[in-house]
Amino acid sequence: MADDPQLAELTRLIDRSHHTVVFTGAGISTESGIPDFRSPGGIWTRMAPIDFADFLASEEARRETWRRRFAMEEMFRAAAPNRGHRAVAELVRRGTAAAVITQNIDGLHQASGVPADRVIELHGNTTYAHCLDCAGRYEIEVIRRSFERDETAPICNACGGFVKTATISFGQAMPPEAMRRAETETIAADLFIVAGSSLVVYPAAAFPELAKRYGAALVIINREPTGLDAIADIVLRRSIGEILGAAVGID
Ligand SMILES: [Zn+2]
């Protein structure tokens, strides 16, 4: 560590912190084999995402949404938490990190052992589905078996509402409860660690600015430059698993 001043500084900030908030984006999950949909060459530069209004308006849009989701099922099912996720989980376990705010929809923080009530999902979760009207929960595998029979988009058994993955689609409002909790945690943070987000998607990208305004130290770990590098205390253009794993002391 003596010859790695960035690692020494990150370790010092973590050891001094009583209320860390970790903010994660696609970059932490690419190390688990989940592609960054927004990156150049990513899925959304090749295939326009389906807008929420279209999902509501059109049976064909709903069908296409589900076809695309099932096409990705094997990848989501095979993905396991990596060293970066484990380092974050360890910070929560120790009581250093109070919350994980994530833009990811893959559920890998929960899979790595972070209690679900400590994970604030700004873009929802794709590992299960729910009814848009009554919020009843549905498992992806159950929907897939039925969809494969006749390609009918799923309808809620209880109320007849549309069933959709529990993600926030383009054109869909940000989840108010998650946004409120994320803001409260951010304001309380003494250390705010961004891991794997280029901080271009608002309103999510406003959280690091808010943390900084309320006196937190800001650490940004991301391969590419971000719009907030200038206000960060440390910018680490390195592997999240390696640097955070080393700083927290887990493999
Ligand atoms: Zn329902």
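Now for a look at the structure at hand. (Residues numbered from 1 in each chain as written. Predicted model: local features only at pLDDT ≥ 70, side-chain atom pairs only at ≥ 80, totals over all residues. Heavy atoms only, no water.)

1. Quick look at the overall build of the protein chain
Next, step 1: Within the protein chain, the regular secondary structure consists of 12 helices and nine strands.
Next, step 2: Taken against the 2.2 N^0.38 rule, which gives 18 Å for 251 residues, the C-alpha radius of gyration of the protein chain at 19 Å falls within 12% of a compact globule.
Next, step 3: Seen through its C-alpha atoms, the protein chain measures out along the principal axes to roughly 60 × 30 × 30 Å.
Next, step 4: In the protein chain, buried positions account for 49% of the 251 residues.
Next, step 5: Within the protein chain, contacts between residues separated by at least 24 positions form 67% of all contacts whose residues are at least 6 apart in sequence.
Next, step 6: Split by element, the accessible area of the protein chain, about 11700 Å² in all, is 52% carbon and sulfur.
Next, step 7: Charged side chains of the protein chain number 27 positive and 33 negative; the gap between the two group centres comes to 1 Å. (Helix = DSSP H or I, 4+ residues; strand = E, 2+ residues; numbered from the N terminus. Rg over C-alpha atoms; globule rule 2.2 N^0.38 Å. Buried < 20%, exposed > 50% of the residue type's maximum accessible area, 1.4 Å probe, protein only. Contact = heavy atoms within 4.5 Å. Areas by Shrake-Rupley, 256 points an atom, 1.4 Å probe, with all protein chains shown as cover. Lys, Arg positive; Asp, Glu negative; His and termini not counted. Charge placed at Lys NZ, Arg CZ, Asp CG, Glu CD.)

2. Some remarks on the pattern of salt bridges
Next, step 1: Evaluation of the coordinates by the stated rule reveals 21 salt bridges.
Next, step 2: For Arg67, the salt bridge goes to Glu64, with nearest N and O atoms at 2.8 Å. Here the residue Arg67 and the residue Glu64 both occupy positions in helix α5 (residues 59-71), the gap between them amounting to three residues, near one helical turn.
Next, step 3: Put simply, Glu59, Glu60, Arg62, Arg63, Glu64, Arg67, Arg68 and Glu151 are held in one network by salt bridges that share partners. (Salt bridge = Lys/Arg side-chain N within 4 Å of Asp/Glu carboxyl O.)

3. A short note on the coordination of the zinc ion
Next, step 1: The zinc ion binds to the protein through Cys131 (SG), Cys134 (SG), Cys156 (SG) and Cys159 (SG), with metal-donor distances spanning 2.3 Å.
Next, step 2: Site description for the zinc ion: donor spacing in sequence, C-x2-C-x21-C-x2-C. With a gap of 25 residues between them, Cys134 in the loop between β4 (124-131) and β5 (137-138) and Cys159 in the loop between α9 (140-150) and β6 (163-167) connect regions that are remote in the sequence.
Next, step 3: For Cys134, a relative accessible area of 40% corresponds to the partly exposed category. (Donors = N, O, S within 2.8 Å, 3.2 Å for Na, K, Ca; no water.)

4. Concerning the pairing of strand β8 (residues 217-221)
Next, step 1: For β8, a buried count of five out of five residues is recorded, marking the element as mostly surrounded by other parts of the structure.
Next, step 2: Burial along β8 is two-sided: Ala217, Val219 and Ile221 and Leu218 and Ile220, pointing in opposite directions, are all buried.
Next, step 3: As paired strands, strand β7 (residues 191-195) and β8 are joined by five bridges and run parallel to one another. Paired with Val194 across the bridge in β8 is Ile220.
Next, step 4: Alignment of β8 against strand β9 (residues 234-236), held across three bridges, turns out to be parallel. Its bridge partner being in β9, Ile221 is matched across the sheet by Leu236. (Pairing = 2+ DSSP bridges.)

5. Focus on the environment of Val219
Next, step 1: With respect to the element layout, Val219 can be found in strand β8.
Next, step 2: Once the C-alpha coordinates of Val219 and Glu148 are considered, the two residues, 71 residues apart in sequence, prove to be 46 Å apart.

6. Concerning unusual backbone geometry
Next, step 1: The phi dihedral of Glu151 is positive, around 55°, even though this residue is not glycine.
Next, step 2: With respect to the element layout, Glu151 can be found in the loop between α9 and β6.

7. Overview of α9
Next, step 1: Three or more residues of α9 are buried, namely Ile140, Ile143, Arg144 and Phe147. For α9, the buried positions fall inside an angular range of 100° around the axis, keeping them on one side. (Arc of directions from axis to C-beta.)

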